[in-house]
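# Structural overview
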Amino acid sequence: MAKQDFYDVLGVAQNSSADEIKKAYRKKAMQYHPDRNQGDDAAEQKFKEAGEAYDILKDEQKRAAYDQYGHAAFEGNGGGGGGGFGGGGFADIFDEMFGDFSGRQQAGGRASRGSDLRYNLEISLDDAHRGRETRIRVPTSVNCETCSGSGAKKGTQPSTCGTCQGHGKVRASQGFFTIERTCPTCHGEGRVIASPCGDCSGTGAVRKEKTLEVTIPEGVEDGMRIRLSGEGEAGGRGAPPGDLYIFIAVGAHPLFQRDGADIFCAVPIPMTTAALGGSVEVPSIDGSRAKVTIPVGAQSGHRMRLRGKGMSGLHGEGRGDMYIDLQVETPVNLTKEQKAKLQDFQDTLKPTGKGGGKSTSPESEGFFSKAKELWDDLTD
Ligand SMILES: [Zn+2]
Ligand SMILES: [Zn+2]
C-alpha cells in the first residue's frame, strides 16, 4: 500500500505554518490516543501515522526534504541523481562545509557515517519563480575506487582486530570497577587493515570534487533547504555516506519585493497621469508586460492587484498575486514656461467651501483646517 501523504495524514495544507501543523497533530493525537480507543487497531494505526507525519513536518529541515522528494527522502536514497564528474559551468560559490552538523551516527554501526555537507546556493527571484536545473560542484570525499572503500590493499581484506576480537571495545578491571573503552588498536572499528590501500592510505575515502545536478523547485523560498540523501561525505571504510544540504538564498530583485507567493512593486507615475488618469505598462516576474489602468485622481500609495501575476506556488499550488503601489512623482527640472503654466493652473484654483465648488486638494485642505482648529484651541 502506498504511504499516505504526511500533510493528508494531519489534514493540513502544504503551506501550513509550524503552528497549524502542531495544532493539527495535537488534535489527531487526542482523537486517536490508545487510552481513548482501547482495542481499536485502526485508531492505533492512525495515532502512529500522525506521530510519524508530525515527526517529519515539525522539523524544518526534514519538512523541506519531504516537500522536495516525498517519502523517498527518508528511505535512504532520496534522489538528486549524482551526475558524472566533469566541468560544470556554474560559478563556484561553495561557501563553507562543516562536518556532522546533524550529529547523527548510524545506529549499530561501528564505522561512522559520513559527514553531512552544506552548500549555499544563491539564486535569483526569476529562478525561484520558474524553478531550474543547476549543476553544483562540491569538494567532498568519496569512496576510494581502488579498494571500494574498504581501505585494504587490492586483493587483501581487513581482518578482525585481535585486541578486541572485533567488538570495538575493550574492558579493563580496576578494583571494583570495570571500565569499557574504545579499542586503541582498531579505534572502535573492530577490524584492522594489515596492508592499507595506497590510494587512500587505508581510510577508504579520497578527496574529490563531485558535480551534482540539482532541481530547484518552482516557488522555492529564501532559507529553504534541499536534502540530497547520500551525497555528503563518504563514510569511513564502507559506512554509509552523509547527506548534502543545499541552503537556498534568493537574491534581491531590482524591481520586485516578495512576500511568500505575492510580489510587490512600487510604480512611479507622472503627476499628470495621476491627475488625469491613463495607463502604464509594468513588467511581471514571468517576463510578460501587464497593462495597468491608472484611475483619475490616483494618489501615492494607491494599491492595485494583478491577480495570478505573483510567484509560482510551491508543489504546483496556484500562482500568487502581484501588487502595484503607485507613487506619484512630483515634476522636477521644469522650464520657465512649464512653471508658468503650473502657476496659471494654481491661479485657477478657487477657495473651497463658500460656493467655491469641490476641492481639488481635499486631503491637504482637511489637514490644514484641522491644524487651524488645533491652533485656535491653543490660543483660547
Ligand atoms: Zn583505497
Ligand atoms: Zn580492536
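Structure's up top.
Attention here is on the structure that accompanies the text. (Residues numbered from 1 in each chain as written. Chains lettered and ligands numbered in written order. Predicted model: local features only at pLDDT ≥ 70, side-chain atom pairs only at ≥ 80, totals over all residues. Heavy atoms only, no water.)

## Describing the coordination of the zinc ion (ligand 1)
Here is the rule: Listed donor atoms are N, O and S within 2.8 Å of the metal (Na, K and Ca: 3.2 Å). As water is not included, a site may look incomplete. Every geometry call rests on angle ranges, with four donors termed tetrahedral when all angles are between 85 and 135 degrees, four termed square planar and six termed octahedral when opposite donors are over 155 degrees apart and all others are between 65 and 115, and everything else termed irregular. Each residue is assigned to one of three classes by its accessible area relative to the maximum for its type, calculated with a 1.4 Å probe on protein chains only: buried under 20%, partly exposed between the two thresholds, exposed over 50%.
Distances from the zinc ion (ligand 1) to its protein donors, namely C144 (SG), C147 (SG), C197 (SG) and C200 (SG), fall within the range 2.3 to 2.4 Å. The coordination sphere of the zinc ion (ligand 1) comprises 4 donor atoms, whose angles at the metal cover 104 to 116°; the geometry is tetrahedral. Mapping the donors of the zinc ion (ligand 1) onto the primary sequence yields the spacing C-x2-C-x49-C-x2-C. Each member of the pair, C197 as well as C200, is classed as buried.

## Some thoughts on the sheet that holds strand β1 (residues 117-123)
Condition: Two strands pair under a simple rule: DSSP has to find at least two bridges between them. The helix count covers DSSP runs of H or I at least four residues long, the strand count covers runs of E at least two residues long, and both are numbered beginning at the N terminus. Simply put, an axis is a line fit to the C-alpha atoms, just over the touching stretch for a helix, and the angle between two N-to-C directions goes from 0 to 180 degrees. Should any heavy atoms of two residues lie within 4.5 Å, those residues are considered in contact.
The sheet built from 3 strands is open, its strands ordered β1-β9-β8 with mixed pairing. At either margin of the open sheet sits one strand with a lone partner, and together these are β1 and β8 (225-228). Direction aside, the axes of adjacent strands within the sheet are offset by 25° on average. Pairing of β1 with strand β9 (residues 244-250), which is carried by 7 bridges, proceeds in the parallel orientation. In the strand pairing of β9, R118 is matched with Y245. Along the sheet face, helix α4 (residues 60-69) touches β8 and β9 and points at about 70° away from the line of β8.

## Here's the deal with a nonpolar patch on the surface
Worth spelling out the cut-off: Residues qualify for a patch when their relative accessible area is over 30% and they have no salt bridge, like charges being joined within 9 Å and the nonpolar side chains of Val, Leu, Ile, Met, Phe, Trp and Tyr within 5 Å. Here the accessible surface of atoms and residues is derived via Shrake-Rupley with a 1.4 Å probe, and residues count as covered only by protein chains that are part of the display. Every case where a carboxyl oxygen of Asp or Glu lies within 4 Å of a side-chain nitrogen of Lys or Arg is listed as a salt bridge.
Taken together, M271, L342, F345 and L349 make up a surface patch of nonpolar side chains, about 330 Å² in accessible area. In this fold, L349 is placed in the loop between α7 (336-348) and α8 (362-379).

## Observations concerning the side chain of S16
Just so we agree on the cut-off: Any pair of N or O atoms that falls within 3.5 Å is considered a polar contact. Within protein, one atom must be able to donate a hydrogen and the other to accept it, and sequence-neighbouring residues count only if both atoms are side-chain atoms.
Considering the arrangement of structural elements, one finds S16 in the loop between α1 (6-10) and α2 (18-32). Only 2.6 Å separates the side chain of S16 from the backbone oxygen of A13, close enough to count as a polar contact. In this structure, S16 is in contact with I21 and R63, ignoring residues within four places of it in sequence.

## Quick look at unusual backbone geometry
A positive phi angle, near 55°, is found at S148, a position not held by glycine. Tracing the sequence through the fold places S148 in the loop between β2 (132-143) and β3 (159-160).

## Focus on a negative patch on the surface
The following threshold applies: Counted as positive: Lys and Arg. Counted as negative: Asp and Glu. His and the chain ends are not counted at all. Charge placement uses NZ in Lys and CZ in Arg. For Asp and Glu, CG and CD serve respectively.
Taken together, the side chains of E122, E221, D222 and D259 define an acidic patch exposed on the protein surface. The residue E122 is located in strand β1 in this model.

## Brief notes about the packing of helix α3 (residues 41-57) against α4
We apply this condition: The scheme is simple: roughly parallel for angles under 35 degrees, roughly antiparallel for over 145, roughly perpendicular for 65 to 115, oblique for anything else. Each residue gets one of three labels, nonpolar for Ala, Val, Leu, Ile, Met, Phe, Trp, Tyr, Cys and Pro, charged for Asp, Glu, Lys and Arg, and polar for the others, Gly among them.
With their axes 6 Å apart at the nearest point, α3 and α4 run at an angle of 105° to one another. When the interaxial angle is binned, α3 and α4 end up roughly perpendicular. Facing D55, I56 and L57 of α3, the residues of α4 in contact are K62, R63 and Y66. Per-class residue counts for the contact of α3 with α4 are 3 nonpolar, no polar and 3 charged.

## A few points about the coordination of the zinc ion (ligand 2)
For the zinc ion (ligand 2), the full set of protein donor atoms is C161 (SG), C164 (SG), C183 (SG) and C186 (SG), at a range of 2.2 to 2.3 Å. Coordination at the zinc ion (ligand 2) is tetrahedral, judged from the 4 donor atoms that bind it and the angles of 101 to 118° they form at the metal. Of note, the donors binding the zinc ion (ligand 2) are all from one chain and are spaced C-x2-C-x18-C-x2-C. A residue pair is termed long-range when its members are at least 10 positions apart, and C161 in the loop between β3 and β4 (169-174) and C186 in the loop between β5 (177-182) and β6 (191-192) qualify at 25 residues. Judged by relative accessible area, C161 falls into the buried class, the value being 1%.

## Comments concerning the layout of surface pockets
Where empty space is left becomes clear once a probe the size of a water molecule has been rolled over the atoms. This is how the line gets drawn: Definitions used throughout: a 1 Å grid over protein atoms alone; a cavity as a set of points that fits a 1.4 Å probe which cannot get out; a pocket as an open set with protein on both sides within 12 Å along at least five of seven lines; a lining residue as one with an atom within 4 Å of a point. Grid points are joined across faces, edges and corners, and a volume is the space filled by probe spheres set on the points. Each domain span listed reflects an automatic or database assignment of domains.
For the largest pocket, the calculated volume is near 860 Å³. For the largest pocket, the lining is made up of 21 residues, of which M271, A275, F345, T360 and S361 are closest to its centre. Contributing elements (two or more residues each) for the lining of the largest pocket: α6 (271-276), β15 (322-329), α7 and α8. Per-class residue counts for the lining of the largest pocket are 10 nonpolar, 9 polar and 2 charged. Two domains each provide a minimum of three residues to the lining of the largest pocket, namely domain 3 (256-329) and domain 4 (349-380).

## A closer look at the nonpolar core
Across soluble globular proteins, nonpolar side chains show a tendency to be buried alongside one another. Note the following rule: Here, the term nonpolar core denotes a set of buried Ala, Val, Leu, Ile, Met, Phe, Trp, Tyr and Cys residues that are joined through side-chain atoms within 4.5 Å.
Within the largest apolar cluster, 40 residues are counted, with the highest numbers of intra-cluster contacts made by I136, L244, I246, I248, V282 and I324. Shared between two domains, this core holds at least three residues of each, these being domain 2 (81-158 + 193-250) and domain 3 (256-329). Apart from residues no more than four positions distant in its own chain, I136 is found in contact with Y119, L121, K210, T211, L212, V214, L244 and I246. Among the nonpolar cores identified, the runner-up in size contains 13 residues, and Y7, L10, I21 and I56 belong to it.

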